[in-house]
Amino acid sequence: GDSVTQTEGLVTLTKGLPVMLNCTYQTTYSPFLFWYVQHLNEAPKLLLKSSTDNKRTEHQGFYATLHKSSSSFHLQKSSVQLSDSALYFCALKEGGRALIFGTGTTVSVSP
Amino acid sequence: DPKIIQKPKYLVAVTGSEKILICEQYLGHNAMYWYRQSAKKPLEFMFSYSYQKLMDNQTASSRFQPQSSKKNHLDLQITALKPDDSATYFCASSQIDWAPSAETLYFGSGTRLTVL
């Protein structure tokens, strides 16, 4: 069935370093991918969403590129900040169905 | 002002009891959803409704029953509560569009349910 895989459960890094969170998906439909971010004790909110194949989308310093050839939509940032500490979810929308979320990756940024 | 109102914010229940989680959205969206978040299964999709009709149901247990009295309301009734039902329940909404990529899911602040 359709699914989203996030391989890292926890990523710890120091402020100013780059980060990449992996997201791969499996679907029989044309894929639409999203990244949601959830800060502690808050609701998830949209960070960015995919565009056309091989086109990069950016928001708030984060960026991701949908690669249909490898079924991936990895999230990246060139220089993380303390405020980026949060839980990040990759999500897949296929057809008319609801968003399906991956298991999430916790990012912990230290000074 | 919050556009998706969930009540109550915190809820403690005893095993075997019944509770109703309230959700109202004021974003003018035509679709509403329930998601559950626990340590075991982060952000698990449960139900989706559009114009008060069930669109999708991924919850195996009939103990979970959504109720929609108005287009912008989607409550969740849970019967015969079990400790495993302890989780944060998020209500969400979106505007279903001809272009799925345009849809953004907006979440309420959640109801944290603890079953003793």
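Structure: see above.
(A) The arrangement of the sheet that holds strand 7 (residues 64-67) of chain B in detail. Residues and elements named next belong to chain B. Spatial strand order, 1-3-8-7: four strands in an open sheet with antiparallel pairing. Here the strands that pair on one side only, and so sit at the sheet edges, are strand 1 (4-7) and strand 7. Shown here is a sheet whose adjacent strand axes are inclined to one another by a mean of 15°, direction ignored. One ladder, built from four bridges, connects strand 1 with strand 3 (residues 19-25); its direction is antiparallel. Considered in strand 3, the bridge of Q6 is made with C23.

(B) Main features of the environment of K3 of chain B. Residues and elements named next belong to chain B. The topology assignment puts K3 in the segment before strand 1. K3 sits in the partly exposed class, given a relative accessible area of 45%. A C-alpha to C-alpha distance of 22 Å links K3 and A87, two positions 84 residues apart in sequence. The residues contacting K3, other than those within four sequence positions of it, are E24, Q25, Y26 and L27.

(C) Region of interest: the interface of chain B and chain A. Between chain B and chain A, the contact holds 19 residues from the first and 21 residues from the second. Buried surface at the junction of chain B and chain A, both sides included, amounts to about 1600 Å², of which 60% is carbon and sulfur. Across the chain B-chain A interface, the total number found is zero salt bridges. Scanning the region where chain B abuts chain A turns up five residue pairs in polar contact (both at pLDDT 80 or more). With three residues, strand 4 (residues 31-37) of chain B is the largest single contributor of residues to the side of chain B that touches chain A. Here the residues of the side of chain B that touches chain A sort into 10 nonpolar, six polar and three charged.

Here is what the cut-offs are and how they apply
Residues numbered from 1 in each chain as written. Chains lettered and ligands numbered in written order. Predicted model: local features only at pLDDT ≥ 70, side-chain atom pairs only at ≥ 80, totals over all residues. Heavy atoms only, no water. Pairing = 2+ DSSP bridges. Helix = DSSP H or I, 4+ residues; strand = E, 2+ residues; numbered from the N terminus. Axes fitted to C-alpha atoms, helices over the stretch in contact; angles between N-to-C directions. Buried < 20%, exposed > 50% of the residue type's maximum accessible area, 1.4 Å probe, protein only. Contact = heavy atoms within 4.5 Å. Buried area = accessible area lost by both parts, 1.4 Å probe. Salt bridge = Lys/Arg side-chain N within 4 Å of Asp/Glu carboxyl O. Polar contact = N/O pair within 3.5 Å; in protein donor to acceptor, adjacent residues only side chain to side chain. Nonpolar A, V, L, I, M, F, W, Y, C, P; charged D, E, K, R; others polar.

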